[in-house]
2 protein chains.
Amino acid sequence: MNKPSGPMSYDELRGTIAQRHRALSGRLQQIAEFVLDHPTDVALGTVAEVAQRSGVPPSAIVRFAHALGFGGFTEMQQVFRNRLVAGEAPSYKARLARMKGEEKSVLGRKPMAVLSRFVSEAQSALVTLSQSVHARELDAATAILTKARDIYLLGLGGSFPVATHLAYVLRKLGHRVVLLDGIGGSIHEQSHAATSEDALVAISFRNYYPDTARLFPELVARRVPTISITDSLLSPIVQGASVVFEIQDMPEPALRTLVAPMCLVQALAIGLDLSSD
Amino acid sequence: MNKPSGPMSYDELRGTIAQRHRALSGRLQQIAEFVLDHPTDVALGTVAEVAQRSGVPPSAIVRFAHALGFGGFTEMQQVFRNRLVAGEAPSYKARLARMKGEEKSVLGRKPMAVLSRFVSEAQSALVTLSQSVHARELDAATAILTKARDIYLLGLGGSFPVATHLAYVLRKLGHRVVLLDGIGGSIHEQSHAATSEDALVAISFRNYYPDTARLFPELVARRVPTISITDSLLSPIVQGASVVFEIQDMPEPALRTLVAPMCLVQALAIGLDLSSD
DNA sequence: CACAAAATAGAATAGATATTCTATCGCGTG
DNA sequence: CACGCGATAGAATATCTATTCTATTTTGTG
């Protein structure tokens with residue numbers, strides 16, 4: 001039992017919960033996590049509903065409210081409702097207006113404006129992606145990956161995050177993945193075992209990382225089926241590729257967001273699993 | 001009694017009420033006016049409360065709901081509640097509904113459909129990002145990074161792509177970066193040189209990578225200024241952090257797009273350079 | 001390992017809820 | 001002016017609600 005039983009804002013409540021989370025025990029922690037993740041459910045639901053959704057008995061919800069200093073669930077719920085009501089008026093118009101306003105305010109030098117710029121850049125990159133990728137390529141790529149024994153991933157330099165992300169997702173889904181990162185030796189050695197039974201996903205954008213440009217033709221020569229993700233048909237990983245995804249309008253390295261390729265590789269991985277079973 | 005008892009948007013309901021207003025009788029008109037003027041009260045209140053505030057007996061409220069084609073007050077109230085939650089996060093409900101629905105349909109199994117699903121997921125994640133990040137936090141983070149001698153990056157498991165991307169961009173801009181990847185030994189050793197003169201950017205989402213949870217408190221204890229990017233205030237990298245960016249509604253690991261954190265770290269890096277010269 | 005303390009789940013309960021029912025009222029019509 | 005019809009309000013009701021209580025389990029400790 002604590003003092004903050006007085007009128008409390010939602011943000012204050014969040015802070016309190018975060019602080020005291022560790023001190024709470026088992027069940028209460030579980031509820032704390034659910035409550036922070038689903039504030040709307042708490043605002044609108046009944047004790048029974050919240051209890052069911054969070055997987056705890058109703059009485060535990062009440063104990064949780066007590067532990068936070070409220071007289072009961074209803075009292076705590078009021079805070080969550082205030083949050084809903086508070087955010088209703090200024091939501092759409094004000095938020096958008098603020099974004100537009102700040103965007104032009106100090107000409108993009110303030111961090112917030114920079115974020116807005118990158119967000120809208122990313123938005124349009126996504127639109128472009130969904131327009132430029134065709135079903136035929138996706139299906140072909142999926143077919144290749146389905147037949148592959150091991151999947152080799154080649155993405156260095158600025159593309160490395162994309163490769164690691166794809167590696168992570170594919171491994172989560174139970175696929176055999178070899179991430180060619182050049183650690184502890186040359187990537188040539190790492191890729192030495194690749195055969196035509198396997199597959200390669202290569203990712204590279206300007207300026208094309210030298211090692212990528214060097215290794216790619218070798219694997220093609222060894223008849224490893226290849227999926228390329230790049231920004232130009234003139235890139236070194238296009239010639240000989242089985243499938244090419246061209247992602248256009250990539251800004252210069254430091255400014256590119258990688259949003260589009262990240263999205264693409266994830267769709268590849270998940271689509272692979274959904275269509276194979 | 002009318003048919004529109006089906007799922008109805010708040011705007012549609014408003015139109016219906018306005019149309020039928022004249023046809024309604026006395027009391028019902030009075031209720032109609034109150035309801036249009038105080039939609040929030042209707043969303044959150046009980047029949048008794050709404051009745052009292054609008055100066056009519058409770059049964060009249062129920063009659064009003066019936067007259068609009070609803071089965072009862074509760075049913076009508078649902079429309080008003082949807083309005084409240086509609087303005088908060090464009091992701092949440094629609095996203096979940098769409099995923100649940102398409103995941104099992106034949107449409108959602110084709111690779112192309114999977115791609116467009118991830119694209120729209122990413123879109124809403126970006127919108128949510130620009131709404132949930134505040135200028136104050138961005139400025140604080142920028143200040144920390146500006147003063148830092150070396151910038152340590154901690155992002156393992158599913159967050160590793162984000163960390164590598166940030167490392168890449170920061171190095172391109174000429175900053176001294178230490179990427180804590182645990183290669184060739186423990187990350188403890190890698191981070192041993194970090195002091196209060198440096199800075200740490202930690203990135204972690206559920207399920208929080210154990211090494212991250214273990215290392216973070218150590219660096220905080222050594223008074224290293226810390227910027228955390230995570231999905232919950234209860235994550236192990238929140239306690240003691242100088243700045244926390246909370247990115248909500250992160251799907252399960254295999255399905256998350258990383259689009260939002262990727263965008264955020266890039267804005268951080270670029271914003272850092274733009275505001276420091 | 002035994003004990004005490006805390007936490008938990010599930011049943012019990014007191015209260016509130018939306019809805020229905022019925023007697024009454026207002027009002028236009030024959 | 002009496003009649004009939006619809007609207008109304010208030011009481012009755014059955015459902016659902018939050019909360020409390022208690023037996024049981026789990027946890028920490030000597």
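Bear in mind the structure is a predicted one, so any value in this text is a computation, not a measurement. (Residues numbered from 1 in each chain as written. Chains lettered and ligands numbered in written order. Predicted model: local features only at pLDDT ≥ 70, side-chain atom pairs only at ≥ 80, totals over all residues. Heavy atoms only, no water.)

1. What to know about the nonpolar core
Among the nonpolar cores identified, the biggest contains 96 residues, and F245 of chain A together with F245 of chain B are the most heavily contacted of them. Leaving out residues up to four positions away in the same chain, F245 of chain A has contacts with V133, E137, L138, A141, I227, S228, I229, T230, L264 and L268 of chain A. In this structure, V56, F70, F73 and V85 of chain B belong to the second largest nonpolar core, which totals 61 residues. (Core = buried A, V, L, I, M, F, W, Y, C linked by side-chain atoms within 4.5 Å. Buried < 20%, exposed > 50% of the residue type's maximum accessible area, 1.4 Å probe, protein only. Contact = heavy atoms within 4.5 Å.)

2. Considering the protein's contact with DNA strand C
Around DNA strand C, a shell composed of 16 residues is seen, among which R27, L28 and R63 of chain A together with V47 and F73 of chain B lie nearest. When the atoms of DNA strand C within 4 Å of the protein are grouped by moiety, sugar and phosphate amount to 79% of the total. The separation between a base nitrogen of DNA strand C and a polar side-chain atom of S59 of chain A is 3.3 Å. Those elements that place two or more of their residues in the surface near DNA strand C are helix 2 (26-37) and helix 5 (58-67) of chain A together with helix 4 (47-54), helix 5 (58-67) and helix 6 (73-86) of chain B. Its residues assigned to classes, the surface near DNA strand C comprises 6 nonpolar, 8 polar and 2 charged. (Near = heavy atom within 4 Å. Polar contact = N/O pair within 3.5 Å; in protein donor to acceptor, adjacent residues only side chain to side chain. Helix = DSSP H or I, 4+ residues; strand = E, 2+ residues; numbered from the N terminus. Nonpolar A, V, L, I, M, F, W, Y, C, P; charged D, E, K, R; others polar.)

3. What about the sheet that holds strand 3 (residues 199-204) of chain A?
Residue and element names in this part refer to chain A. Pairing is parallel in the open sheet, where 5 strands are placed in the order 2-1-3-4-5. Pairing within the sheet leaves two strands with one partner each, and these edge strands are strand 2 (176-180) and strand 5 (243-246). Within the sheet, the average angular offset between the axes of one strand and its neighbour, ignoring direction, is 15 degrees. Examined bridge by bridge, strand 4 (residues 226-230) and strand 5 share 4 bridges and lie parallel to one another. Note on strand 5: the bridge partner recorded for I229 is F245. (Pairing = 2+ DSSP bridges. Axes fitted to C-alpha atoms, helices over the stretch in contact; angles between N-to-C directions.)

4. Brief notes about the confidence of the model for chain A
Residues and elements named next belong to chain A. Looking at chain A as a whole, its pLDDT mean stands at 85, while 88% of the residues score no less than 70. Note on residues 1-5: pLDDT under 50 across the span, and 7 contacts to partners over four residues away in sequence or across chains. The low-confidence segment residues 89-106, where pLDDT is below 50, has 12 contacts with residues more than four positions distant or belonging to other chains. (pLDDT = per-residue confidence, 0-100.)

5. Description of the interface of chain A and chain B
Across the contact, 70 residues belong to chain A and 65 residues belong to chain B. When the two sides are added together, the surface that chain A and chain B hide from each other amounts to roughly 6,100 Å², 67% of it contributed by carbon and sulfur. Applying the counting rule to chain A against chain B returns 2 salt bridges. Notably, a salt bridge pairs R14 of chain A with E246 of chain B, separated by 1.9 Å at the nearest N-O pair. At the junction of chain A and chain B, the tally comes to 7 residue pairs in polar contact (both at pLDDT 80 or more). Sort the elements by how many residues they give to the side of chain A that touches chain B and helix 8 (residues 111-132) of chain A lands first, with 12 residues. For the side of chain A that touches chain B, the per-class residue count stands at 38 nonpolar, 19 polar and 13 charged. (Buried area = accessible area lost by both parts, 1.4 Å probe. Salt bridge = Lys/Arg side-chain N within 4 Å of Asp/Glu carboxyl O.)

6. Describing the packing of helix 8 of chain A against helix 8 (residues 111-132) of chain B
A pair of packed helices is characterised by two quantities: the angle between their axes and the separation of those axes. Two elements in contact, helix 8 of chain A and helix 8 of chain B, have axes separated by 10 Å at closest approach and are oriented at 165 degrees. The pairing of helix 8 of chain A with helix 8 of chain B is recorded here as roughly antiparallel in orientation. Every pair of crossing elements has a handedness; the one defined by helix 8 of chain A and helix 8 of chain B is left-handed. For the pair formed by helix 8 of chain A and helix 8 of chain B, the contact residues are M112, L115, V119, A122, Q123, L126, V127, L129 and S130 of chain A on the first element and M112, L115, V119, A122, Q123, L126, V127, L129 and S130 of chain B on the second. A class-by-class count of the residues in the contact of helix 8 of chain A with helix 8 of chain B yields 14 nonpolar, 4 polar and no charged. (Parallel < 35°, antiparallel > 145°, perpendicular 65-115°, else oblique. Left-handed = near helix turned anticlockwise from the far one by under 90°.)

7. So, the side chain of S159 of chain A
Residues and elements named next belong to chain A. For S159, the position within the fold is in the loop between strand 1 (150-154) and helix 10 (160-172). Taking relative accessible area as the criterion, S159 reaches 3% and is therefore assigned buried. Every residue in contact with S159, bar those within four places of it in the chain, is listed here: I203, S204 and F205.

8. Considering the sheet that holds strand 2 (residues 176-180) of chain B
All names here are of chain B. Strand order in the open sheet made by the 5 strands is 2-1-3-4-5, with parallel pairing throughout. The strands lining the two open edges of the sheet, one partner per strand, are strand 2 and strand 5 (243-246). The sheet shows a mean angle of 15 degrees between the axes of neighbouring strands, direction not considered. Along the sheet, helix 12 (residues 210-221) contacts strand 1 (150-154), strand 2, strand 3 (199-204) and strand 4 (226-230); its crossing angle with strand 3, the most-contacted strand, is approximately 155 degrees.

9. Here's the deal with the environment of I227 of chain A
Residue and element names in this part refer to chain A. Within the secondary structure, I227 is located in strand 4. In the structure, I227 is positioned 15 residues away from S242 in sequence and 5.9 Å away in space, judged by C-alpha atoms. Ignoring any residue separated from it by four or fewer positions in sequence, one finds I227 in contact with A141, I144, L145, L200, V201, A202, V243 and F245.

10. A short note on the pattern of salt bridges
Enumeration over the complete set of coordinates arrives at 12 salt bridges over all chains. When the shortest N-O distance is used, the salt bridge between D41 of chain B and R53 of chain B registers 3.2 Å. Within this pair, whereas D41 of chain B is found in helix 3 (residues 39-44), its partner R53 of chain B is found in helix 4, the two being separated by 12 residues in sequence. The exposure class of D41 of chain B is partly exposed, given its relative accessible area of 23%. Note on R53 of chain B: relative accessible area 56%, which makes it exposed. Notably, a salt bridge pairs D231 of chain B with R206 of chain B, separated by 3.7 Å at the nearest N-O pair. Of this pair, D231 of chain B sits in the loop between strand 4 and strand 5 while R206 of chain B sits in the loop between strand 3 and helix 12, placing them 25 residues apart in sequence. Within the structure, one salt-bridge network assembled from shared partners comprises D37 of chain A together with R206 and D231 of chain B.

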